[in-house]
Amino acid sequence: TVDAAIAAGFSGAVLIAKDGKPVLERAAGLANRSFEVKNRIDTKFNLGSINKTFTKLAIAQLMEAGKVSLDDRLSRFLPDFPNADAASKITIAHLIEMKSGLGDFFGREFDQTPKNRIRTLADYVPFFVKKPLAFEPGTAEAYSNAGYLTLGLIIEKVSGESYYDYVRSHIFKPAGMMDTDFYELDAGTPNLAVCYLRRASSNIYTLPARGSSAGGGYSTAPDLLKFAEALLAGRLVSMPCARWYLGGPPPAAASAGGSAQ
C-alpha cells in the first residue's frame, strides 16, 4: 500500500486516478534535504527514461503528418552522421524498438565531462557516435539511450525546431502540462525536486545541465495524468496512431515514404 511504502521510506508523489479523476493523491519525503523542503503532489520530479515516451510520441506525430515513416533510414535525415555505414542501415523502427545496435552515451568520456557543458542534443553525440555498433541493425534488441538521442536529432531535423521546443509546443502545451519541461538544473526552477542517490547524497553533479530525448526532463504527477488523458482522447495523435504508440500494430501509412523537410 501507499502507507506501507511511505513507512518504508518512500519519497515522492503518488496519484491514482479512475476515469481521469484522481481518487488518491499523496506526497511524502523531502524534495530538498538541505533546506527540508517537503515533496508536494505538484513537485517536479526528474522522469529519467520515462521521457522516451514523449520522443516516441513526437515521432508518431511526424509520422502521421507524412514527414517520416518507420522504414526511413537514418541517412535520409542525418546524411552527415559520422558513422555512415550505420546510418545507411538503421531505420526509425530500429531506433524506436531499440534494435539499432547503437549503445549508450554514458561512459568514461561522459563521466569526465563537466555536466554544465551538456545542454543540447548535439552535446551528447560525441559520447557515442564513434563507438562500433553492438550488432547489425535489426538482428537483436538492447536498451539504447543513444538510439533515442538519435531520434531526437531526427525530430529536430524534420521539424526545424529544437527537440525541447518541439515537445513543449506539440505535446506538453496541447495536453495542458504546464509543469513539465526540460529544465536546466542551474536555472533555479521553483518546486524542482533534487535527485538523491541511495546513499543519501545528491547526484546533481552527475546529471547533465539539461536532459535529452533519451531522458532527464521533469514533470509532476498531475501533469502525467493530463498526458494520459490527452493521449487517450486523441488530442495528441489520432487513435490508430495512439494504439501503435501503446504497443499495437503500426497505422497503414507508417511505412509510407516520408519527407525530410
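As shown above, the structure is provided for reference.
Engineer: I'm lost on the overall build of the chain in this one. Help?
Structural biologist: Scanning the chain for helices and strands turns up 11 helices and 6 strands. Here the chain has a C-alpha radius of gyration of 19 Å; the compact-globule value for 261 residues is 18 Å, and the two agree. Viewed in the frame of its principal axes, the chain has a C-alpha envelope of about 50 × 45 × 30 Å. Sorting the 261 residues of the chain into buried and exposed places 43% on the buried side. Partitioning the contacts of the chain with sequence separation of at least 6, the portion at a separation of at least 24 is 70%. Of the roughly 12,900 Å² of accessible surface on the chain, a fraction of 54% belongs to carbon and sulfur atoms.

Engineer: Help me understand empty space enclosed by the protein, please; the structure alone is not making it clear to me.
Structural biologist: Taken as a whole, this structure holds 1 cavity of 30 Å³ or more when the rule is applied. Quantified by volume, the largest cavity comes out at close to 40 Å³. When grouped by side-chain class, the residues that make up the lining of the largest cavity number 4 nonpolar, 2 polar and 2 charged.

Engineer: Would you mind going over the pattern of salt bridges with me for this structure?
Structural biologist: A side chain of one charge can pair with a side chain of the opposite charge when the charged atoms of the two come close. Taken as a whole and assessed by the stated rule, the structure comprises 11 salt bridges. Here Asp 72 and Arg 76 are joined by a salt bridge, their closest N and O atoms 3.9 Å apart. Using a relative accessible area of 40% as the deciding quantity, one classes Arg 76 as partly exposed. In this structure, the salt-bridge partner of Glu 136 is Lys 89, at a minimum N-O distance of 3.0 Å. Linking Glu 136 in the loop between helix H7 (121–124) and helix H8 (145–159) with Lys 89 in helix H4 (residues 84–89), this pair joins segments that are 47 residues apart in sequence.

Engineer: Would you take a moment to explain the packing of helix H2 (residues 52–64) against H8 for this structure?
Structural biologist: Each pair of packed helices gets described by two things: the angle between the helix axes and the distance between those axes. Remark: H2 packs on H8, axes separated minimally by 10 Å, with the N-to-C direction vectors making an angle of 40 degrees. Relative to H8, the element H2 is oriented oblique. Here the hand of the crossing between H2 and H8 comes out left-handed. Judged by residue contacts, Lys 52, Thr 55, Lys 56, Ala 58, Ile 59 and Leu 62 of H2 engage Asn 145, Tyr 148, Leu 151, Gly 152, Ile 155 and Val 158 from H8. Class assignment of the residues belonging to the contact of H2 with H8 gives a composition of 7 nonpolar, 3 polar and 2 charged.

Engineer: In this structure, what is going on with the nonpolar core? I would like to understand it.
Structural biologist: A general trend in soluble globular proteins is that nonpolar side chains are found buried together. Among the nonpolar cores identified, the biggest contains 59 residues, and Leu 57 and Ile 92 are the most heavily contacted of them. With 8 residues, the single largest contributor to this core is H8. Apart from the residues lying within four places of it in its own chain, the contact partners of Ile 92 are Ile 59, Val 68, Ser 69, Leu 70, Asp 72, Phe 77, Leu 151 and Ile 154.

Engineer: Would you mind showing me how to read the side chain of His 94 here?
Structural biologist: Structurally, His 94 is set in helix H5 (residues 92–96). Residues contacting His 94, with those up to four places away along its chain left out, are Lys 89, Lys 99, Ser 100, Pro 137 and Gly 138.

Engineer: What exactly am I supposed to notice about the packing of aromatic side chains here?
Structural biologist: Between two aromatic rings, the relevant description is the distance of the centres plus the angle of the planes. The full count for this structure, using the stated rule, is 11 aromatic pairs. Grouping aromatic residues by their ring pairs yields a cluster made of Phe 105, Phe 106, Phe 110, Tyr 124 and Phe 127. In this structure, Arg 33 packs its charged tip against the face of Tyr 196, placed 4.1 Å from the ring centre. The ring of Phe 110 carries Lys 115 above its face, with NZ or CZ at 4.9 Å from the centroid.

Engineer: Would you explain helix H10 (residues 221–232) in this entry?
Structural biologist: Two residues of an α-helix separated by three or four positions point the same way, owing to the 3.6 residues in each turn. Between its first and last C-alpha, H10 extends 17 Å over 12 residues, near the 16 Å set by a 1.5 Å rise per residue. Within H10, the full set of buried residues consists of Ala 221, Asp 223, Leu 225, Phe 227, Ala 230 and Leu 231. Buried residues along H10 sit in contact with strand E1 (12–18), strand E2 (21–28), H2, helix H9 (163–172), strand E6 (218–219) and helix H11 (239–245). Of the residues that open H10, the one with a side-chain oxygen 3.1 Å from the backbone nitrogen of Asp 223 is Thr 220.

Engineer: Explain H2 to me, please; I cannot follow it from the model alone.
Structural biologist: If you check H2, its first and last C-alpha atoms are 18 Å apart, about what 13 residues at 1.5 Å a residue would give, namely 18 Å. Extensive coverage of H2 is indicated by the burial of 11 of its 13 residues. Residues of H2 that are buried include every one of Lys 52, Phe 54, Thr 55, Lys 56, Leu 57, Ala 58, Ile 59, Ala 60, Gln 61, Leu 62 and Met 63, and no others. Of the residues one or two after H2, Gly 66 is the one with positive phi, at around 80 degrees.

Procedures and definitions
- Residues numbered from 1 in each chain as written.
- Predicted model: local features only at pLDDT ≥ 70, side-chain atom pairs only at ≥ 80, totals over all residues.
- Heavy atoms only, no water.
- Helix = DSSP H or I, 4+ residues; strand = E, 2+ residues; numbered from the N terminus.
- Rg over C-alpha atoms; globule rule 2.2 N^0.38 Å.
- Buried < 20%, exposed > 50% of the residue type's maximum accessible area, 1.4 Å probe, protein only.
- Contact = heavy atoms within 4.5 Å.
- Areas by Shrake-Rupley, 256 points an atom, 1.4 Å probe, with all protein chains shown as cover.
- 1 Å grid on protein atoms, 1.4 Å probe; cavity = no way out; pocket = protein on both sides within 12 Å on 5 of 7 lines; lining within 4 Å.
- Points joined across faces, edges and corners; volume = space filled by probe spheres on them.
- Nonpolar A, V, L, I, M, F, W, Y, C, P; charged D, E, K, R; others polar.
- Salt bridge = Lys/Arg side-chain N within 4 Å of Asp/Glu carboxyl O.
- Axes fitted to C-alpha atoms, helices over the stretch in contact; angles between N-to-C directions.
- Parallel < 35°, antiparallel > 145°, perpendicular 65-115°, else oblique.
- Left-handed = near helix turned anticlockwise from the far one by under 90°.
- Core = buried A, V, L, I, M, F, W, Y, C linked by side-chain atoms within 4.5 Å.
- Phe/Tyr/Trp six-rings, centres within 6.5 Å; stacked < 30°, edge-to-face > 60°.
- Lys NZ or Arg CZ within 6 Å of the ring centre and 35° of its normal.
- Expected span 1.5 Å × (residues − 1).
- Polar contact = N/O pair within 3.5 Å; in protein donor to acceptor, adjacent residues only side chain to side chain.

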